Each structure stands twice: as structure tokens, then as C-alpha cells.
Amino acid sequence: MKKGLHPENYRPVVFKDMSNGDMFLSRSTAKTNDTIEFEGETYPLIKLEISNTSHPFYTGKSKLVDTAGRVDKFMSRYARTRK
């Protein structure tokens, strides 16, 4: 690998999916003040809202949102104002 190709702060970082607790180690330049113990070593921690282990596209599971209840609630409010 060529010298000087990566930035100086390119280092191993643990990424943690906050929705299911899954963690993986990769390299990144992202800034963080959090650290975590992972496989016997201490690494900087980047918190993720969603990753491939929790995203419906990758897992094949979709979360059912109660849209009918929301629509009914809107229609009842709208009907009161229309009178």
C-alpha cells in the first residue's frame, strides 16, 4: 500500500447499531469521544441508528405501521371542522 494514502486519523473504530446492539469493527476517520471494549481492546465508538442487521431491506422483516388508525384519526378531526 502506498505511504501517505490515508489520512493520519484513519484508525480502527467500532460501529454499534443502537436498535439491536450489534457491533462490528472497521476503519474510519469519523470523530467521536466515546470508547468501548471490543474483543479485549478499547476502540473509539460510533453509534448508528440503523445498519444492515436491523434494516428491513436486509433482514426481510418489515415493521407494520398503524396507518389506518392515523388516517381514521385525521378523518374524524377533519369531519368535525367540515360541519
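Check the entry above for the structure.
Please read these numbers as outputs of a predicted model, since none were measured by experiment.

Below, the discussion takes up the overall build of the protein chain. When you go through the protein chain residue by residue, the secondary structure sums to two helices and four strands. The order of helices and strands in the protein chain, counted from the N terminus, is β-β-β-β-α-α. Split into buried and exposed, the 83 residues of the protein chain put 16% on the buried side. Counting contacts in the protein chain only where the partners sit at least 6 residues apart, residues at least 24 apart contribute 34% of the total. For the protein chain, the exposed area adds up to about 7,300 Å²; of that, 53% sits on carbon and sulfur atoms.

Right, let's talk about the sheet that holds strand β4 (residues 41-48) for a bit. In space, the four strands of this open sheet follow the order β2-β1-β4-β3, with mixed pairing throughout. Looking at the sheet topology across the chains shown, the edges are occupied by β2 (23-28) and β3 (35-38). Adjacent strand axes in the sheet meet at a mean angle of 50° when their direction is disregarded.

The rules behind the values
Residues numbered from 1 in each chain as written. Predicted model: local features only at pLDDT ≥ 70, side-chain atom pairs only at ≥ 80, totals over all residues. Heavy atoms only, no water. Helix = DSSP H or I, 4+ residues; strand = E, 2+ residues; numbered from the N terminus. Buried < 20%, exposed > 50% of the residue type's maximum accessible area, 1.4 Å probe, protein only. Contact = heavy atoms within 4.5 Å. Areas by Shrake-Rupley, 256 points an atom, 1.4 Å probe, with all protein chains shown as cover. Pairing = 2+ DSSP bridges. Axes fitted to C-alpha atoms, helices over the stretch in contact; angles between N-to-C directions.

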